Structures are given as C-alpha cells and as structure tokens.
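Listed below, chain by chain, are the residues.
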Amino acid sequence: MIKLINAGFIYPDKTKIGPINLNVNKGEVYLLTGKSGSGKTSVTKMINGVIDNLFDGKRYGEILIDNKNIEEMTIKEVVLNVSSVYQNPKTQFFTDNTTSELVFTMENLGYKISDMDIRLNRVSNFFGVEKLLNRNVLELSGGEKQILCIASTLMNDSNIIVLDEPTSNLDLESILKIRQMILKLKQLNKTILISEHRLNYLKGLVDKVSFLEDGVITRSFTGQEFYSMTKVERKRLSLRSLDKYEFMGFINNNSRKTVEKRFYKNTIKIDKLSYNIKKNVIINIENLNLTSGKVYFLIGKNGQGKSTFARVLSGLLKGTRDKIFINDKLSNSKERLKRTYLVFQDVNAQLFTSSVNEEINLNNEYNDTDSLLDSLNLLDKKEAHPQTLSGGEKQRVSMAAGIASNKMILIADEPTSGMDFENMENICSLLKSYADKGNIVLVISHDIELISNIADEILFMEKGKIIRKEEKENCSLDDILYFLS
C-alpha cells in the first residue's frame with residue numbers, strides 16, 4: 001500500500017532525510033518514532049505529497065502509493081488516496097463551521113450535495129460525533145478539533161491515513177477517544193501511518209514500528225517486540241513511556257526537595273483575579289499564593305481556563321477584576337507583563353527572528369547561549385531559521401528564550417507536547433534550576449510523565465477556579481488522572 005525505496009529529501013540548508021526504505025501493507029497500523037528532529041514528519045510529508053508541492057529542496061528515490069509512483073499521480077489522485085492529520089489542527093482548518101469543514105474536501109472534489117449528505121451522516125454516526133456538527137470551529141476544545149480532523153479523513157474514504165503527532169496537546173480523555181477512532185479505522189482495514197512521541201495509548205493497536213535517527217531508519221520492530229522493550233532499552237532510545245502506569249508513583253515519590261534560599265523569596269499573592277467574556281465568568285481565582293523555588297503545575301481537563309489564566313496572570317490579558325501582589329506590592333497587568341515570560345502552547349506564534357541564536361538573544365541579556373542550546377540539543381541548529389525546525393525543536397527554542405529572559409515569573413503552556421524522553425528530561429533540569437535560582441515557575445500540562453518528574457505542588461483547576469492546591473507527594477494517582485481525563 002505504501003512503499004518507499006531509497007527515498008529521501010534534501011532541504012536547502014543541506015539537512016538530509018533518508019535514504020528511507022519502508023513497506024506498509026494494507027490494513028496495517030505503522031508507527032514512526034524517534035527523537036525530535038529525527039525526520040518523522042518529513043517522511044509523512046513525502047508520503048502525502050506535501051513535501052513535493054510546498055517545500056524547496058530535492059526529493060529522491062521512489063514513493064509508491066498502491067503500487068503507483070507518486071510522481072505520476074495528480075494532486076487530486078494523492079488526495080483521494082491519502083488523508084492527513086497534523087499535530088496542530090488549527091493549521092488545517094479552512095472554514096469556521098464544523099459541518100462545512102467535514103464536507104470541504106468533497107466539495108473541492110466535485111461531489112454532489114446528496115452524496116455529501118449521505119457520507120456526512122455515515123461518518124458522524126460511525127465516529128459518534130453528531131454533537132460536533134454545526135458548531136463554530138474556534139469554540140471547540142483542542143480534543144474536539146483533533147477529533148474533527150480525524151473524522152474528516154473518512155469523508156473522502158481514503159485508503160491511507162497519515163497522523164502526525166495527533167495527541168500532542170490533548171488530555172487523557174481526548175487521547176482515549178483518538179485511540180478509539182484509530183481502532184475503528186483499523187477495523188475498516190484502513191492503512192494508518194502514525195508519527196508519534198506519546199506511545200502508551202497505541203499499545204495493542206500497532207502492527208509495526210520503525211525508529212528514526214538522523215533522518216534514517218535504524219531499527220524496526222513488530223508491535224509486540226516494541227511494546228515488550230525493557231525500561232532500560234526504552235530510555236536508551238530516548239522514547240517516552242510504553243506503559244500507561246510505568247511512571248505514575250505520586251504518593252511518597254517526590255525525588256526533589258525544594259532548595260531553601262537564604263535570600264528573600266519572590267512571591268505572588270492573588271487576592272482576586274477574574275476574567276469575563278460578556279457575562280460568562282471564565283476565570284475566578286481567590287486567595288492563591290505562589291513562591292519562588294518551586295515548580296508548580298496547573299492541571300485540569302481541556303476547556304477549564306488554564307491557558308486563559310496564564311494569559312491574565314502574565315498580563316497579556318487584562319482581568320475583569322485584578323488584585324495581585326508581587327513581593328507584597330500591588331501589581332497591575334502592565335507591571336506583571338514586564339516580570340513574566342509566557343511560553344505559548346502554539347510556539348509558532350512567538351518565533352520572530354531569522355535564526356535560533358537571534359531568537360534566544362532577542363530582548364535578552366544572556367551570556368551563555370551556546371551552553372543553553374547545547375543542553376537542549378540545539379547547538380547545531382544555532383544559525384537555522386526557527387520555522388525550518390521540527391515541532392519539538394521549536395518548543396525547545398521557545399523554552400530556551402524563556403530561560404534566557406531571566407524573568408522572575410516563567411509560565412510554560414504544554415512545553416513537552418512533541419518531545420522525546422531525553423529532551424523532556426533536559427527541560428525538567430532547566431525548569432528545576434530556574435526555580436532554584438529564586439524564580440517562580442508555573443507549568444500547564446497534561447503530560448503525566450513530566451508532572452511525576454518535577455512537580456513540587458499541583459494546582460487543580462475546574463471551571464476557571466483553583467479548587468485545590470497540594471504538594472505532589474500528597475496527591476494520589478486517582479487525583480491526577482481525574483483532572484487529566
């Protein structure tokens with residue numbers, strides 16, 4: 001169904017992907033994994049034809065789709081044969097209405113309205129997504145957006161479906177829904193190629209796995225072989241957890257003690273912080289205290305207001321009511337903005353310069369850029385344009401810029417969503433050190449592996465309120481899973 005024969009791509013900066021030899025049979029679920037920047041996304045873009053039409057560079061070798069060379073296929077033929085879902089669903093929406101989005105491909109392919117209606121009913125019933133119809137795309141949660149994207153792959157009945165990091169920013173409940181959708185597609189005998197760092201949710205679904213390193217496949221496994229890998233071997237390959245419960249030891253498992261500082265601690269005291277949209281209360285926080293030297297995690301299900309709280313606290317949004325003290329001094333949104341660095345969930349929105357080096361030093365007085373980049377495996381990308389990097393590399397650049405800012409308050413929104421194990425550990429180390437220097441660190445995350453690694457205290461958010469604040473060692477697995485599901 002998919003066959004790559006000595007295939008690869010050479011980018012204008014001489015970065016080389018391949019040669020790749022890959023054979024995916026009809027009906028298989030095939031997993032591509034490996035470190036961030038190893039070439040997984042480039043391989044998916046070769047298979048769905050995107051790399052030929054949207055990227056400068058030179059592709060070589062053969063790519064066969066259902067025994068036909070992709071070079072001999074029209075764009076329409078590729079679209080009919082291969083459907084794609086990307087890491088960030090916002091990048092692939094064309095309309096503002098969910099129903100229009102689902103039928104968009106069929107409209108462009110010239111289907112009759114009656115045929116589109118029949119297919120829409122069939123697909124929405126098959127996936128159970130009727131409640132997503134006729135809604136504003138912008139009002140959907142992250143999980144709902146990704147579910148909509150996966151449902152759209154069935155609208156033109158493609159035999160091949162390519163998923164690139166489909167769960168990177170989702171809570172556990174949404175991830176389980178994505179798993180069920182993949183299972184249903186497999187039952188339809190669809191051929192599914194998945195590029196992914198999050199691995200445990202695919203256990204039992206995957207038929208074959210290829211591990212990429214520096215643009216080439218260095219190891220291949222059956223699904224059973226891959227998920228039987230020892231913890232030592234898994235870490236050696238810098239892979240995230242293969243088992244859902246491998247790392248979940250919250251009670252009495254706080255491996256790091258907060259460093260007690262001899263100097264005055266920085267503090268944030270929130271007496272009252274609210275944010276309304278018209279008459280709807282989005283954020284309503286009272287009596288919350290944060291101190292330097294700790295790594296705080298803000299957790300909650302999708303759509304509970306976590307990212308909005310970060311924007312209001314940082315001063316990017318002005319609160320409806322706002323009584324916040326920094327080091328016992330009343331601080332308005334403008335003052336907080338000067339003291340805070342916020343790493344966005346969508347890092348593409350805050351990469352501005354033409355090189356990684358410039359990005360780190362933009363508005364920052366930082367004297368050790370090379371060491372910082374080296375600690376994040378980015379030193380060889382120092383002169384690269386940030387927008388040419390992989391998703392995980394972009395995240396690390398944005399985190400590096402936050403560290404280099406040396407702001408008193410660092411807020412990171414889903415900083416490890418597209419990240420391998422080694423780089424996740426590197427981020428952990430940087431965040432710990434940043435907190436220990438007397439700064440306040442707040443992380444928003446659904447990544448339970450990250451939480452179990454470095455959380456000191458956990459803030460539980462529900463419907464815009466912090467309903468509980470607890471030391472990590474006092475939190476049970478059930479506590480965490482409920483607010484991530």
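Position numbers for residues count from 1 along each chain, tracking the sequence in the order it is written. In keeping with the predicted nature of the model, local features appear solely for residues at pLDDT of at least 70, side-chain atom pairs appear and are counted solely at 80 or more, and the whole-chain, interface and lining totals rest on all residues. For side-chain calculations, the full set of non-hydrogen atoms in the structure is used, while hydrogens and water are omitted.

Asker: Could you give an account of the side chain of Thr369, naming the residues involved and the relevant values?
Answerer: Elements are defined by DSSP. Helices are runs of H or I of four residues or more, strands are runs of E of two residues or more, and each kind is numbered from the N terminus. As for its placement among the helices and strands, Thr369 is situated in helix H13 (residues 369–375). Residue contacts follow a heavy-atom distance rule, with two residues in contact if any of their heavy atoms lie within 4.5 Å. Once residues lying within four places of it in the same chain are set aside, the contact partners of Thr369 are Asn357, Ile360 and Asn361.

Asker: So, the packing of helix H6 (residues 142–152) against helix H7 (residues 172–187): which residues are in play, and what are the values?
Answerer: Running from N to C, H6 and H7 cross one another at 10°; their axes reach a closest spacing of 10 Å. With respect to their mutual orientation, H6 and H7 come out roughly parallel. Listed contacts from H7 to Gly143, Gln146, Ile147, Ile150 and Ala151 of H6 are Ser174, Lys177, Ile178, Met181 and Leu185. Split into classes, the residues belonging to the contact of H6 with H7 amount to six nonpolar, three polar and one charged. Axis definition: a line fitted to C-alpha atoms, over the contacting stretch in the case of helices. Angles run 0 to 180 degrees between N-to-C directions. These descriptions rest on fixed angle ranges, namely under 35 degrees for roughly parallel, over 145 for roughly antiparallel, 65 to 115 for roughly perpendicular, and the rest for oblique. Polar here means any residue outside two lists: the nonpolar Ala, Val, Leu, Ile, Met, Phe, Trp, Tyr, Cys and Pro, and the charged Asp, Glu, Lys and Arg; Gly therefore counts as polar.

Asker: Tell me what's going on with the nonpolar core, and back it up with residues and numbers.
Answerer: Grouped together as the largest cluster of nonpolar side chains are 93 residues, with contacts concentrated most on Phe226 and Phe297. If one sorts the elements of this core by residue count, helix H15 (residues 421–436) sits on top with eight residues. Beyond its immediate sequence surroundings of up to four residues, Phe226 is in contact with Leu31, Thr33, Leu199, Val209, Phe221, Leu239 and Leu242. In plain words, nonpolar cores are sets of buried Ala, Val, Leu, Ile, Met, Phe, Trp, Tyr and Cys residues tied together by side-chain atoms within 4.5 Å. Exposure categories follow from relative accessible area, calculated using a 1.4 Å probe and restricted to protein chains: below 20% of the type maximum is buried, above 50% is exposed, and the middle band is partly exposed. Counting residues in hydrophobic clusters, the runner-up holds 27 residues, among them Tyr275, Ile283, Ile285 and Ala310.

Asker: Explain the packing of helix H14 (residues 391–405) against H15 residue by residue, including any values.
Answerer: Two numbers describe a pair of packed helices, the interaxial angle and the distance between the axes. Put simply, H14 and H15 touch, their axes get as near as 11 Å, and they point 15° apart. On the basis of the axis angle, H14 is roughly parallel to H15. Seen along the crossing, H14 lies across H15 with a hand that is left-handed. Every residue of H15 that contacts H14 at Arg396, Met399, Gly402, Ile403 and Ser405 is listed here: Asn423, Ile427, Leu430, Leu431 and Tyr434. Crossings are assigned a handedness: left-handed for a near helix turned anticlockwise from the far helix by less than a right angle, right-handed for a clockwise turn.

Asker: Give me the side chain of His197: which residues, what numbers.
Answerer: Secondary-structure assignment places His197 in the loop between strand E8 (191–195) and strand E9 (208–213). Of the polar contacts made by the side chain of His197, one reaches the backbone oxygen of Gly34; its length is 3.4 Å. With near-sequence residues (within four places) excluded, His197 lies in contact with Gly34, Lys35, Ser36, Lys40, Glu165, Arg240, Gly418, Met419 and Asp420. Nitrogen and oxygen atoms within 3.5 Å of one another constitute a polar contact, given that in protein one can donate a hydrogen and the other can accept it, and given that sequence-neighbouring residues count only through two side-chain atoms.

Asker: I'd love a proper account of the pattern of salt bridges, names of residues and values included.
Answerer: What makes a salt bridge here is a side-chain nitrogen of Lys or Arg within 4 Å of a carboxyl oxygen of Asp or Glu, nothing more. Counted by the stated rule, this structure contains 23 salt bridges. One salt bridge in this structure joins Glu28 and Lys208, with 3.2 Å as the shortest N-O distance. One end of the pair, Glu28, is in the loop between strand E2 (16–24) and strand E3 (29–34); the other, Lys208, is in strand E9, with 180 residues separating them in the sequence. By relative accessible area, which is 11% here, Glu28 ends up buried. For Glu77, the salt bridge is made with Lys68, and the minimal N-O distance between the two is 3.0 Å. Among the charged side chains, a network of salt bridges with common partners joins Arg234, Arg240, Asp447 and Glu449.

Asker: Report on the sheet that holds strand E16 (residues 340–343), specifying residues and quantitative values.
Answerer: The strands making up a sheet associate through hydrogen bonds between their backbones, and the pairing can be parallel or antiparallel. If DSSP finds at least two bridges between two strands, the strands pair. Taken in spatial order, the six strands of this open sheet run E16-E17-E18-E13-E19-E20, and their pairing is mixed. In this open sheet, the two strands that pair with only one neighbour each are E16 and strand E20 (465–471). On average, adjacent strands in this sheet sit at an angle of 20° to one another, irrespective of strand direction. Sheet topology places strand E13 (residues 295–299) next to strand E18 (residues 440–444); four bridges connect them, and they run parallel. What sits directly across from Tyr296, in E18, is Leu442. Docked against the sheet, H14 engages E16 and strand E17 (409–413), running at close to 175° with respect to E16. Against the sheet, H15 engages E13, E17 and E18, with an angle of about 145° to E18.

Asker: How would you summarise unusual backbone geometry if you had to cite specific residues and measurements?
Answerer: With an omega of 5°, the peptide bond running from Gly18 to Pro19 counts as cis. Looking at the secondary structure, you find Pro19 in strand E2. Look at Asn134: it is not a glycine, yet its phi comes out positive at around 55°. Within the fold, Asn134 resides in the loop between helix H5 (113–127) and H6. Given the relative accessible area of 60%, Asn134 is considered exposed. Even without a glycine there, the phi angle at Glu165 is positive, about 50°.

Asker: Which residues make up the packing of aromatic side chains, and what values do they have?
Answerer: For Phe, Tyr and Trp, where Trp contributes only its six-membered ring, two rings pair if their centres lie within 6.5 Å, and the inter-plane angle classes them as stacked under 30 degrees, edge-to-face over 60, or tilted in between. Taken as a whole and judged by the stated rule, the model has eight aromatic pairs. Relative to Tyr11, the ring of Phe9 lies with its centre 4.8 Å away and its plane at 70°, an arrangement referred to as edge-to-face. Among the residues examined, Tyr11 registers a relative accessible area of 18% and is labelled buried. Joined through ring pairs, the aromatic side chains of Phe9, Tyr11 and Phe55 make up one cluster. Charge-over-ring contacts are defined here by two conditions on Lys NZ or Arg CZ: a distance within 6 Å of the ring centre and an angle within 35 degrees of the ring normal. Here Lys184 stacks its cationic end above the ring of Phe126, 5.3 Å away from the centre of that ring.

Asker: Please set out the sheet that holds strand E4 (residues 58–65) residue by residue, giving values where relevant.
Answerer: Within the open sheet, the four strands sit side by side as E2-E1-E4-E5. Their pairing is antiparallel. Of all the strands in the sheet, the pair left with one neighbour each is E2 and strand E5 (68–69). Direction of pairing for E4 relative to E5: antiparallel, over a ladder of two bridges. When the bridges of E5 are listed, Ile65 appears paired with Lys68. Across the sheet, helix H1 (residues 40–47) lies against strand E1 (2–10), E2 and E4, angled at about 115° from E1, the strand it touches most.

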